[in-house]
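An overview of the molecular structure
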Amino acid sequence: SSITNSAFSTVMPIAEALDLDPFELARGNLVQIDKSKGSVDVPFFGSIAAGQPIESADAEGTFPIPATLHETYPKAFMLRVEGTSMNRVLPDGHYALIDPCDEIRTSGQIYAIAVGDNAATIKHVRVLGNGLELVPDSDDPTHHPMVFDYADEALPEIRVIGRVVWHCPPVGK
């Protein structure tokens, strides 16, 4: 099967941010469906920071999600949340299902964002007049919003990886 330009525009930012093979993502070779269990194994790409941006990790296998979620978000993948800056909604160690996208569609929702070359974080994202604000949701008062002004010449490249559409605790918690 051929890979369309639309697939590449969706896949490339994710592949670059997570250091993955874009051809495998675009072909959909990373998703395995087991309808007998009512679940779908989606790609699990390691950890993402819920704190200061950290380097994103390589794929570590797959993670089962309810089949109905896969029907709604067929390109989604899982990331493990590390850190406490989002602990009111995404506690440290929880898993977040990310629906890939390349823009903020709804200000205030939770997104996975790549900051700079290989760093990624997960936060509420507010769209500002000329930039973005990454807003924590934490019991820890030392976590502060990060504002990125598009007029700042030293601004690192900011890329949207995707929107958090579901999350779950680790198995056994």
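In this report, the structure presented in the accompanying data block is examined. (Residues numbered from 1 in each chain as written. Predicted model: local features only at pLDDT ≥ 70, side-chain atom pairs only at ≥ 80, totals over all residues. Heavy atoms only, no water.)

Looking now at the overall build of the chain. Secondary structure summary: the chain contains 3 helices and 11 strands in total. N-terminal to C-terminal, the α/β element order of the chain is α-α-β-β-β-β-α-β-β-β-β-β-β-β. Of all 173 residues assigned to the chain, the portion counted as buried reaches 46%. Here the contacts in the chain between residues at least 6 apart in sequence split such that 57% fall between residues at least 24 apart. Counting every atom, the chain has about 8,800 Å² of accessible surface; 49% of that belongs to carbon and sulfur. (Helix = DSSP H or I, 4+ residues; strand = E, 2+ residues; numbered from the N terminus. Buried < 20%, exposed > 50% of the residue type's maximum accessible area, 1.4 Å probe, protein only. Contact = heavy atoms within 4.5 Å. Areas by Shrake-Rupley, 256 points an atom, 1.4 Å probe, with all protein chains shown as cover.)

This part is about the pairing of strand β9 (residues 131-135). In terms of residue burial, β9 counts as a mostly covered element, since 5 of its 5 residues are buried. Side chains of β9 alternate between two faces, with G131, E133 and V135 and L132 and L134 buried alike. When strand β8 (residues 119-128) meets β9, the two strands line up antiparallel, connected through 5 bridges. In the sheet register, V125 faces β9, and the bridge partner there is L134. The turn joining β8 and β9, which pair antiparallel and follow one another in sequence, is formed by 2 residues. (Pairing = 2+ DSSP bridges.)

Next up on the list: the pattern of salt bridges. If you walk through the whole model with that rule in mind, you get 4 salt bridges. One network of salt bridges, in which partners are shared, links R88, D137 and D139. (Salt bridge = Lys/Arg side-chain N within 4 Å of Asp/Glu carboxyl O.)

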